[in-house]
Amino acid sequence: MAPSFDNETSLFNFVVRDGYGVKGIVDSGISTVPRAYIQPPAEQINKSNATICEIPPIDLSKLDGPDHDRVVNQIVRAAETLGFFQVVNHGVPLELLESLKQTAHNFFGLPAERKAVYRKEVSPSPLVKYGTSFVPEKERALEWKDYISMAYTNDDEALQQWPAECRGDALQYLKTSHQMVTKLLEALMRNLGVELDDSKIDAFIGKKMVNMNFYPTCPSPELTVGVGRHSDMGTLTILLQDGIGGLYVKVPEDADMENKGEWVEIPPIPGALVINVGDMLQVWSNGRYKSAEHRVRTTSTKSRVSIPIFVSPQATQRIAPFPQVIEKDGVARYKEFVFSDYMNSFFGNAHDGKKSLEFAKIN
């Protein structure tokens, strides 16, 4: 018999505490969206009036040839306007991307008790966390998403502690994308007058995490969100999305491009990876680069997966705009802070657009 979800406490316990997640609700045979997942009208996503983002993907193989400067300009322009772009010929094997999507479906297809062992309160490893929504305890409406999060320290610990069902593909994804991440960062930093070398790189990408997100089919997608409006807290995010789509980015009001202030959909491109600028790049660049405000809609036809890699500074890293950028701009727009304090603020609140950056702003 399907559990009753009329009582919000029993729903919360089933989904969060017992580890069934949104998938458990869907598997129980519901035909309507439980009240706890119905978003306020202002947060609901109207698929019919969204514009598709038509910006072609950037070919990273051309960074190593005569087109180097043109490709760097494309990367910089994307970071300065939308904060989102897609890349092809990125060095991550295409067969690995296909395998990752299947691996994510396989993991979330496991019985609830196999996934629930990784809930934050009971996980055998501090590196692995299985959960649902974002910060369920703080949210007015829950997000229609389950996830597994795998923090990286070194290869041995990943192979010992990450879930057996996904560790091989997830670790390969992290390792094969490293060169691409380094090249993107070098291009973005050099444009700010900062030279990157191997001794400095950890200050920007010393903390790495692979997530697998699962968005089950939803009976009324227009009432829910897969992920609410937010920007990512770190340096860069590398995202593999499947062919279903549903990722939306908000064009900043001050962007030098069309559709200012509107939400545009980032269409899936076979073999491409999506890159988005995180809050720390916005701070280091003193606001020149834009961390992208984005959200995800749900779908009624097919469950969707996405697999992001989050690269960030180490928790102990001190963050502030680069002096050479402040000198050019004549003013610092962000204060100095320790990244762990920013993280605590970010994870201590529900998603709310780019409000997380207010922590760092100089009023």
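Right, let's walk through the structure included here. (Residues numbered from 1 in each chain as written. Predicted model: local features only at pLDDT ≥ 70, side-chain atom pairs only at ≥ 80, totals over all residues. Heavy atoms only, no water.)

1. Looking at the packing of aromatic side chains
Rules: When the centres of two rings from Phe, Tyr and Trp lie within 6.5 Å, Trp using its six-membered ring, the rings pair. Their planes under 30 degrees apart give stacked, over 60 give edge-to-face, and anything left gives tilted. Only DSSP runs of H or I with at least four residues qualify as helices, and only runs of E with at least two residues qualify as strands; both kinds are numbered from the N terminus onward. Here the term buried applies to any residue with accessible area under 20% of the maximum for its type, exposed to any over 50%, and partly exposed to those in between, with areas from a 1.4 Å probe on protein chains only.
Applying the stated criterion across every chain, the model contains 10 aromatic pairs. Residues Trp284 and Phe322 carry aromatic rings whose centres are separated by 6.3 Å and whose planes lie at 10° to one another, so their mutual orientation is stacked. Of the two residues, Trp284 sits in helix H9 (residues 279–284) while Phe322 sits in the loop between strand S14 (318–319) and helix H10 (323–329), which places them 38 residues apart along the sequence. Residue Trp284 is classed as buried on the basis of its relative accessible area, which comes to 3%. When its relative accessible area of 9% is taken as the criterion, Phe322 is described as buried. Between Tyr342 and Phe359, the aromatic rings sit 5.6 Å apart at their centres with planes inclined by 85°, giving edge-to-face as the arrangement. Separated by 17 residues along the polypeptide, Tyr342 in helix H11 (residues 339–347) and Phe359 in the segment after H11 bring together distant segments of the chain. Given the relative accessible area of 25%, Phe359 is considered partly exposed.

2. Section: the environment of His90
We apply this condition: Two residues qualify as a contact provided that any one of their heavy atoms is within 4.5 Å of a heavy atom in the partner residue. Polar contact is defined as a pair of N or O atoms within 3.5 Å, subject to the rule that within protein one atom must be able to donate a hydrogen and the other to accept it, and that residues adjacent in sequence are counted only when both atoms are side-chain atoms.
Topologically, His90 is positioned in the loop between strand S3 (84–88) and helix H4 (94–108). When the C-alpha positions of His90 and Val181 are compared, they lie 9.3 Å apart, and in sequence the two are 91 residues distant. Ignoring anything within four residues of it in the chain, the contact list for His90 reads Leu60, Leu97, Met180, Gly271, Ala272 and Leu273. A polar side-chain atom of His90 sits 3.1 Å from the main-chain amide nitrogen of Val92. In terms of polar contacts, His90 uses its side chain to reach the backbone carbonyl oxygen of Gly271, at 2.8 Å.

3. Points about H4
In plain terms, the rule: Here the expected length of a helix is defined as 1.5 Å per residue gap, with one fewer gap than residues. Working definition: the arc comes from the directions between the helix axis and the C-beta atoms, pointing outward to the latter.
The end-to-end C-alpha distance of H4, which contains 15 residues, comes to 22 Å, matching closely the 21 Å that a straight helix rising 1.5 Å per residue would cover. Where H4 is concerned, the buried positions are Leu96, Leu97, Leu100, Lys101, Thr103, Ala104, Phe107 and Phe108. For H4, the angular spread of the buried residues around the axis is 160°, confining them to a single face.

4. Observations regarding the pairing of strand S5 (residues 146–152)
We apply this condition: Criterion used throughout: strands pair if DSSP finds at least two bridges between them.
With respect to burial, S5 is a largely interior element, 6 of its 7 residues being buried. Where strand S4 (residues 128–132) lies against S5, 5 bridges are found, and the strand directions are antiparallel. Residue pairing for S5: Tyr130 is matched across the bridge by Ile148. Where S5 lies against strand S6 (residues 207–215), 7 bridges are found, and the strand directions are antiparallel.

5. Let's talk about the nonpolar core
Stated precisely, the cut-off is as follows: Remark: nonpolar core denotes a set of buried residues (Ala, Val, Leu, Ile, Met, Phe, Trp, Tyr, Cys) joined through side-chain atoms within 4.5 Å.
One finds Ile75, Trp162 and Tyr173 to be the most contacted residues of the largest nonpolar core, which totals 76 residues. Here the element with the most residues in this core is helix H7 (residues 167–191); it accounts for 11 residues. Here Tyr173 is in contact with Val92, Leu96, Leu97, Leu100, Val210, Ile238, Leu239, Leu240, Leu273, Ile307 and Ile309, once residues within four sequence places are set aside. Core analysis: the second largest hydrophobic core is formed by 15 residues, Leu82, Phe84, Val251 and Ala292 among them.

6. Notes on the packing of H4 against H7
The condition is simple: Note on definitions: angles span 0 to 180 degrees between N-to-C directions of axes, and those axes are lines fitted to C-alpha atoms, for helices only across the stretch in contact. The sense of a crossing depends on the near helix, which, turned anticlockwise from the far helix by less than a right angle, makes the crossing left-handed and, turned clockwise, makes it right-handed. Classes in brief: Ala, Val, Leu, Ile, Met, Phe, Trp, Tyr, Cys and Pro nonpolar; Asp, Glu, Lys and Arg charged; the others, Gly included, polar.
Taken N-terminus to C-terminus, the directions of H4 and H7 make an angle of 140°; their axes are 10 Å apart at the nearest point. Crossing of H4 over H7 shows left-handed handedness. In this structure, H4 uses Leu96, Leu97, Ser99, Leu100 and Thr103 to contact H7, whose residues at the interface are Asp169, Ala170, Gln172, Tyr173 and Thr176. Among the residues making up the contact of H4 with H7, the classes are represented as 5 nonpolar, 4 polar and 1 charged.

7. Things to note about H7
Under the convention used in this document: Bending is quantified residue by residue as the angle between axes fitted to the seven-residue window ending at that residue and the seven-residue window starting at it.
For H7, spanning 25 residues, the distance from its first C-alpha to its last is 36 Å, which sits close to the expected 36 Å at 1.5 Å a residue. When the local axis directions of H7 are compared, the greatest deviation, roughly 40°, occurs at His178. In the segment just after H7, Gly193 is the residue with positive phi, at about 85°.

8. Quick notes on the sheet that holds strand S10 (residues 263–265)
Spatially, 5 strands are ordered S1-S10-S9-S12-S7 in an open sheet, and the strand pairing comes out mixed. The sheet is open, and its two edges are formed by strand S1 (51–52) and strand S7 (227–230), each paired on a single side. Here S1 pairs with S10 via 2 bridges, running parallel. Paired with Ile52 across the strands is Glu265, a residue of S10.

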